[in-house]
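Working through the structure, step by step
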Amino acid sequence: MPYLVIEHLEDISEWLWLEYSHVAKWWGDNLIFTNVREDEREKLAKLGNVLSESVTKFPFDRSKIIVLDLQAEEELKPEDIEENTIIIVGGILGNAIPTGRTKEFITSKMEGVKVRHIGKPQYSIDGASIVAKLIADGKRLKEIEYEENPTIKLDEFSEMTLHYAVPKLDGKLLLTPGLIELQKKELGFDEEINDEELDKFFTGGEGI
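What comes next is a walk through the structure. Keep in mind that what you see is a predicted model, and the values were worked out from it rather than measured.

Time to look at the sheet that holds strand β8 (residues 145–148). Strand order in this open sheet of three strands is β8-β11-β12, and the pairing throughout is antiparallel. Either end of the sheet is taken by a strand with one partner, and the two such strands are β8 and β12 (172–173).

This structure, assessed with the given rule, holds two aromatic pairs. Here the aromatic rings of Tyr-123 and Tyr-146 are separated by 6.2 Å at their centres, their planes lie at 75 degrees, and the arrangement is edge-to-face. With Tyr-123 in the loop between β7 (114–117) and α4 (125–136) and Tyr-146 in strand β8, this pair connects stretches of sequence that are 23 residues apart. Taking NZ or CZ as reference, Lys-43 lies 4.7 Å from the ring centre of Trp-17, over its face.

On to unusual backbone geometry, then. Look at Asn-149: it is not a glycine, yet its phi comes out positive at around 50 degrees. Tracing the sequence through the fold places Asn-149 in the loop between β8 and β9 (151–153). Here the phi dihedral of Asp-170 falls at roughly 55 degrees; this positive angle occurs in a residue that is not glycine. Here Asp-170 lies in the loop between β11 (165–169) and β12.

What follows concerns the pairing of strand β4 (residues 65–68). Of the two faces of β4, the one lined by Ile-65 and Val-67 and the one lined by Ile-66 and Leu-68 are each fully buried. When β4 meets strand β6 (residues 86–91), the two strands line up parallel, connected through three bridges. Bridging from a neighbouring strand, Val-67 pairs with Ile-88 of β6. Two strands pair when backbone bridges link them, and β4 and β7 are joined in this way by three bridges, in the parallel orientation. Its bridge partner lying in β7, Leu-68 is registered against Arg-116.

Within the sequence span of helix α5 (residues 179–186), burial applies to Leu-179, Leu-182 and Gln-183. Relative to the axis of α5, the buried residues are bounded by an arc of 100 degrees and lie together on one face. Opposite the buried face of α5, by more than 90 degrees, sit the exposed residues Glu-181 and Lys-185. Just downstream of α5, Gly-188 is the residue with a positive phi angle, here 60 degrees.

This part is about empty space enclosed by the protein. By rolling a water-sized probe across the atoms, one finds the places where empty space is left. For the structure shown, the criterion picks out two cavities of 30 Å³ or more. Here the second largest cavity is characterised by a volume of approximately 60 Å³. If you trace the second largest cavity, you find it lined by Ser-124, Asp-126, Gly-127, Leu-162, Tyr-164, Ala-165, Val-166, Pro-167, Leu-174, Leu-175, Thr-176 and Leu-179. The set of elements that each furnish at least two residues to the lining of the second largest cavity consists of α4 and β11. Considering every element that reaches the lining of the second largest cavity, the biggest residue donor is β11, with three residues. Classifying every residue of the lining of the second largest cavity gives eight nonpolar, three polar and one charged.

Judged by pairing direction, the sheet is parallel, and its seven strands sit side by side in the order β3-β2-β1-β6-β4-β7-β5 without closing on themselves. Sheet topology places β3 (49–50) and β5 (74–75) at the edges, where each strand pairs with a single neighbour. Docked against the sheet, α4 engages β1 (3–8), β4 and β6, running at close to 165 degrees with respect to β6.

Here is what the cut-offs are and how they apply
- Residues numbered from 1 in each chain as written.
- Predicted model: local features only at pLDDT ≥ 70, side-chain atom pairs only at ≥ 80, totals over all residues.
- Heavy atoms only, no water.
- Pairing = 2+ DSSP bridges.
- Helix = DSSP H or I, 4+ residues; strand = E, 2+ residues; numbered from the N terminus.
- Phe/Tyr/Trp six-rings, centres within 6.5 Å; stacked < 30°, edge-to-face > 60°.
- Lys NZ or Arg CZ within 6 Å of the ring centre and 35° of its normal.
- Buried < 20%, exposed > 50% of the residue type's maximum accessible area, 1.4 Å probe, protein only.
- Arc of directions from axis to C-beta.
- 1 Å grid on protein atoms, 1.4 Å probe; cavity = no way out; pocket = protein on both sides within 12 Å on 5 of 7 lines; lining within 4 Å.
- Points joined across faces, edges and corners; volume = space filled by probe spheres on them.
- Nonpolar A, V, L, I, M, F, W, Y, C, P; charged D, E, K, R; others polar.
- Contact = heavy atoms within 4.5 Å.
- Axes fitted to C-alpha atoms, helices over the stretch in contact; angles between N-to-C directions.

If you want it as structure tokens, here you go:
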């Protein structure tokens, strides 16, 4: 089975922790976190293997490494992946409009690696990791369902739109477990929140 490396590039927020926990359920013992600060090692070690060094500095055989990058020219295929392949995903919480941070922080610093995309949509960290696992298991990109910018009901009257793609399996969205509950808590569902405030929150503006 190949390995999935998450180059950790964010502080561990509740949202990020939920995504990382979801990745761990899919990749198990073959999940590795790199670029981890000393004060975060103990927590991330509950989910996978932990290394302090950046993956960009490891003396790995670069021919066995694949970086998932939205800006790559070639798509990821099952035949790209062998038993000891290392697939790298940026531990980056994306913006509504991609800004090329994977290329800036990882791809540009790893000459000689393979660079692949998993389609035009922007996925979350766990979404990209799930798609990579499905391809590693033999699925082709065109066979993997997804929903771009899905709208999720929070309760009978309220909903939210996720500004990224979510993979689907057997027609079911593979949402990050606990994400809806987290959003309800962050939005203060016991308070009155108008549509304008919701829109600002989910598009990265101020408000709430």
